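Take a look at the letters that make up each chain.
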Amino acid sequence: MRGLLVVNPRATTTTERVRDVIVAALHTEVDLEVVVTTHAGHAQELGEQARHDGLDVVITLGGDGTINEAVNGMLADGPGPDVPALATVPGGSANVLARAAGLPKDPVEATGVLLGGLHDRRFRTIGLGRANDRWFTMNAGMGLDAEIISAMESQRAAGKKASPTRYLATTLNEYFRRTDRRNPAITLRRPDGSEVDHVFVCIVQNAAPWTFLGDLPVNPNPEATFDDGLAVFAIRDLRVVPSLRVTRSLIWGTPEVERKGLFVARDLASVELTADPAIAVQIDGEGVGPQHTLRLESVPRALRLVV
């Protein structure tokens, strides 16, 4: 089996020594090339080249952003039988895809599971999402969640470490001091053309959970799976008491139903979000800047995942 290991040198949960152990272990099952990313978009370039070279597997050592880049390269020409399988060793702060796939959060333990999967050729074919022209594995969002991510990225660029405590502090700051909680800017359009207006934040999931707060899964749509269409969770009321009620259900993993101030839908083939003025968007936990329009669609059986 021929493969490529894409290493994000900024991976937050691994050290150089741990990376050396992981690389040595993977070499026992894979004829492996190891490349350390050097710039934004590098993992995407490597994913595209891996498909062009006919490799069997692309392994990422990093977080969900590294996975997203690699997948977008692998699928630059769309799904097909020549697309390498994806394996991921968790090295980021959340590692949503890896944990959703059932891997241990410890990178060395996860490598042990993946070695078994590679040896036994254990693959799971999963559906993915498309957001405008970009693939996503887990989720995309417009509004408050993307604003929080953008603020966190600014802090990380300034040298501050991502942590559950910092995410919580950033969330509170965005909610109380920066987000416009009076003038909802987003309109959601269902596949049948009907609209849901007055939306403050919309989270679209390809699988559950949406993210992790440390070891705690945060789950707007806990029933979302890789085998179904998109799950949508749209908040239309950001007053304090309704927001606390929604936060409780997210943390407890209680499935919500559509009600006043909240729109919930599951297994959708597509959804379109529009905003005026343009509003922040995130894809797989990475900010992509303000957008006026976000068109999302479900693509069944798009990628093989080593499990």
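Residues numbered from 1 in each chain as written. Predicted model: local features only at pLDDT ≥ 70, side-chain atom pairs only at ≥ 80, totals over all residues. Heavy atoms only, no water.

Section: the pattern of salt bridges
To keep it simple, the criterion reads: Think of a salt bridge as a Lys or Arg side-chain nitrogen and an Asp or Glu carboxyl oxygen that are within 4 Å of each other. Burial classes follow relative accessibility: with a 1.4 Å probe on protein chains only, a residue under 20% of its type's maximum area counts as buried, one over 50% as exposed, and anything between as partly exposed. Under the DSSP-based scheme used, a helix requires at least four consecutive residues in state H or I and a strand at least two consecutive residues in state E, with every element numbered from the N terminus.
Throughout the structure, instances matching the rule amount to 11 salt bridges. Here R239 ties to D237 by a salt bridge, and the two come within 2.7 Å at their closest N and O atoms. For D237, a relative accessible area of 18% corresponds to the buried category. Its salt-bridge partner being R295, residue E272 comes within 2.9 Å of it at the nearest N-O pair. Taken together, the positions of E272 in strand β15 (residues 270–283) and R295 in strand β16 (residues 286–306) put the pair 23 residues apart, joining distant regions of the chain. Residue classification places E272 among the buried residues on the basis of a relative accessible area of 17%. Because the salt bridges share partners, they merge into one network encompassing R189, E195, E272 and R295.

Focus: a nonpolar patch on the surface
Note the threshold: Exposure above 30% relative accessible area and no salt bridge define the residues that can form patches, which grow by joining like charges within 9 Å and nonpolar side chains of Val, Leu, Ile, Met, Phe, Trp and Tyr within 5 Å. Per-residue and other accessible areas were derived by the Shrake-Rupley procedure at a 1.4 Å probe size, with only the shown protein chains allowed to occlude residues.
A surface patch of nonpolar side chains, about 470 Å² in accessible area, is lined by L168, L172, F176, V240 and L244. If you list the elements that add at least two residues to the nonpolar patch, you get α7 (164–178) and α8 (240–252). Per-element accounting of the nonpolar patch gives the leading share, three residues, to α7. In this structure, L172 sits in helix α7. Residue L172 is classed as partly exposed on the basis of its relative accessible area, which comes to 43%.

A closer look at the packing of aromatic side chains
For clarity, the cut-off: Two rings from Phe, Tyr or Trp (for Trp, the six-membered ring) form a pair when their centres are within 6.5 Å of each other. A pair whose planes differ by under 30 degrees is stacked, one over 60 is edge-to-face, and the rest are tilted. Here, over-ring charges are defined by two tests on the NZ atom of lysine or the CZ atom of arginine: distance to the ring centre within 6 Å, and angle to the ring normal within 35 degrees.
Applying the stated criterion to the full structure yields one aromatic pair. Residues Y175 and F176 carry aromatic rings whose centres are separated by 4.8 Å and whose planes lie at 90° to one another, so their mutual orientation is edge-to-face. Residue F176 is classed as partly exposed on the basis of its relative accessible area, which comes to 47%. The cationic tip of R99 hangs over the ring face of F212; the distance from NZ or CZ to the ring centre is 3.7 Å. The ring centre of Y175 lies 4.5 Å from the NZ or CZ of R181, which sits over that ring.

A short note on the side chain of T170
So the rule is basically this: Throughout, a residue-residue contact means that at least one pair of heavy atoms, one from each residue, lies within 4.5 Å.
Within the element layout of this structure, T170 appears in helix α7. Discounting chain neighbours no more than four positions away, the residues touching T170 are I148, A151, M152 and Q155.

Describing the nonpolar core
Applied cut-off: Buried Ala, Val, Leu, Ile, Met, Phe, Trp, Tyr and Cys residues that are joined via side-chain atoms within 4.5 Å together make up what is termed a nonpolar core.
Judged by nonpolar contacts, the single largest core of 29 residues is most densely connected at L4, V71, L86, L128, W135 and L303. Elements represented by at least two residues in this core include exactly β1 (2–7), α2 (42–52), α3 (64–74), α4 (96–100), β5 (123–131) and β16. Ignoring anything within four residues of it in the chain, the contact list for L128 reads V71, L75, W135, F136, T137, N206, E297, S298, V299, A302 and L303. Of all hydrophobic cores here, the second largest spans 24 residues; its members include V204, F263, L294 and L296.

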